[in-house]
Amino acid sequence: MNSGEKVKRGALWSVLFAVVSLAWIFPIVLVIINSFKQKAYISRNAFSLPTGKAFVGLENYTRGLDTTNFFASFGWTLLITVGSVALILVCTSMCAWWIVRVNNWAAKLLYTLFLFNMIVPFQMVMFTLSKLADMLKLNTPWGLCFVYLGFGAGLAVFIFTGVVKGIPESLEESAMIDGASVPRIFFQIVVPIMKPSIVSVAILQAMWIWNDYLLPYLILDMDYKTIPIHIQYLNGSYGHTDTSAIMALIVLSIVPIIIFYFACQKYIIEGVVSGAVKG
């Protein structure tokens, strides 16, 4: 294949991926556009721009904030997301390190169970989980963090074990000879090497937990409403739905996670690839 054909093929792939990217971005743009329109104009033509009488400025945002206690929901969602992600990263990275370095039948069995955790559909366990969470008093934001640990551990351990397999044991042995303790070896030698994969797992888990609706709805006490649950409460009875306020709150809810993603995106491909190809 000559250079001209390579350039043409590269241009073709670029156009294809650009079209696919636009298909992914279009729903977000549509939500942003409709968040500035009156409800009647959304029902009439959801794809039109907010011009003329259709444009209401920030009225939908203020009404959405007044109708629901959005800032309280934002705080609970932030607490659950940060707590769950931190718990997942600490526990699963340690577990993956132990699985790789011990490498006995118990470690292999535990690793198999984590892989099995990735393929079990949530619908199979959601009713049992809801009942168990009530019995164990896990129906609080702090208890929900441990529930998310159970569901997010499979993918995290899978990625982290691949990364740990690529870390030379000689680094840890040298530190041990110098008198370093096990926690110091892990946090000062292993963790810095795992940083790209840790950030990748943090992004994936944070995006899932932040936007999750079903698990908080099933487990949390009604005193603790996350953002997705509060947005759903804008659906009134008898089919009445404040579509314009819902669009505004959806925009407010996706802004923090998009900022977090763009701040850490340079690590995600590096981390996922390093965990998938090594070992």
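Owing to the predicted nature of the structure, the values given are computational and were not obtained by experimental measurement.

The subject of this paragraph is the pattern of salt bridges. Tallied over the full model, the rule gives two salt bridges. As a salt-bridge pair, Glu 59 and Arg 63 come within 3.7 Å of each other at their nearest N and O atoms. With a gap of four residues between them, Glu 59 and Arg 63 both fall in helix H3 (residues 59-67), about one helical turn apart.

Attention now moves to the environment of Ile 246. In this fold, Ile 246 is placed in helix H13 (residues 243-277). Judged by its relative accessible area of 12%, Ile 246 is buried. Here the alpha-carbon distance between Ile 246 and Gln 123, two residues 123 residues apart in the chain, equals 27 Å.

A few words now on the packing of aromatic side chains. The tally for this structure, following the rule as stated, stands at 14 aromatic pairs. Relative to Tyr 224, the ring of Trp 76 lies with its centre 4.8 Å away and its plane at 85°, an arrangement referred to as edge-to-face. One end of the pair, Trp 76, is in helix H4 (residues 70-102); the other, Tyr 224, is in the loop between helix H11 (214-219) and helix H12 (227-232), with 148 residues separating them in the sequence. Each member of the aromatic cluster is reached from another via a ring pair, and the members are Phe 36, Phe 55 and Tyr 61.

Evaluated as defined, the whole model comprises one cavity of 30 Å³ or more. There is about 50 Å³ of room inside the largest cavity. Taken together, Thr 77, Ile 80, Thr 81, Leu 144, Tyr 148, Ile 209, Trp 210, Asp 212, Pro 216, Thr 226 and Pro 228 make up the full set of residues lining the largest cavity. Contributions of two or more residues to the lining of the largest cavity are made by H4, helix H7 (141-165) and helix H10 (195-211). Here the element with the most residues in the lining of the largest cavity is H4; it accounts for three residues. Here the residues of the lining of the largest cavity are counted per class, giving seven nonpolar, three polar and one charged.

This part takes up the nonpolar core. Core analysis: the biggest nonpolar cluster contains 45 residues, and Leu 89, Leu 144, Phe 160, Met 194, Leu 215 and Ile 219 have the highest contact counts within it. Of all the secondary-structure elements, those providing two or more residues to this core are H4, helix H6 (126-135), H7, helix H9 (182-193), H10, H11, H12 and H13. Per-element accounting of this core gives the leading share, nine residues, to H7. The residues contacting Met 194, other than those within four sequence positions of it, are Ser 93, Phe 160, Val 163, Val 164 and Ile 167. If you look at the next biggest cluster of nonpolar residues, it comprises seven residues, including Cys 95, Ile 99, Phe 114 and Ala 153.

The rules behind these values
- Residues numbered from 1 in each chain as written.
- Predicted model: local features only at pLDDT ≥ 70, side-chain atom pairs only at ≥ 80, totals over all residues.
- Heavy atoms only, no water.
- Salt bridge = Lys/Arg side-chain N within 4 Å of Asp/Glu carboxyl O.
- Helix = DSSP H or I, 4+ residues; strand = E, 2+ residues; numbered from the N terminus.
- Buried < 20%, exposed > 50% of the residue type's maximum accessible area, 1.4 Å probe, protein only.
- Phe/Tyr/Trp six-rings, centres within 6.5 Å; stacked < 30°, edge-to-face > 60°.
- 1 Å grid on protein atoms, 1.4 Å probe; cavity = no way out; pocket = protein on both sides within 12 Å on 5 of 7 lines; lining within 4 Å.
- Points joined across faces, edges and corners; volume = space filled by probe spheres on them.
- Nonpolar A, V, L, I, M, F, W, Y, C, P; charged D, E, K, R; others polar.
- Core = buried A, V, L, I, M, F, W, Y, C linked by side-chain atoms within 4.5 Å.
- Contact = heavy atoms within 4.5 Å.

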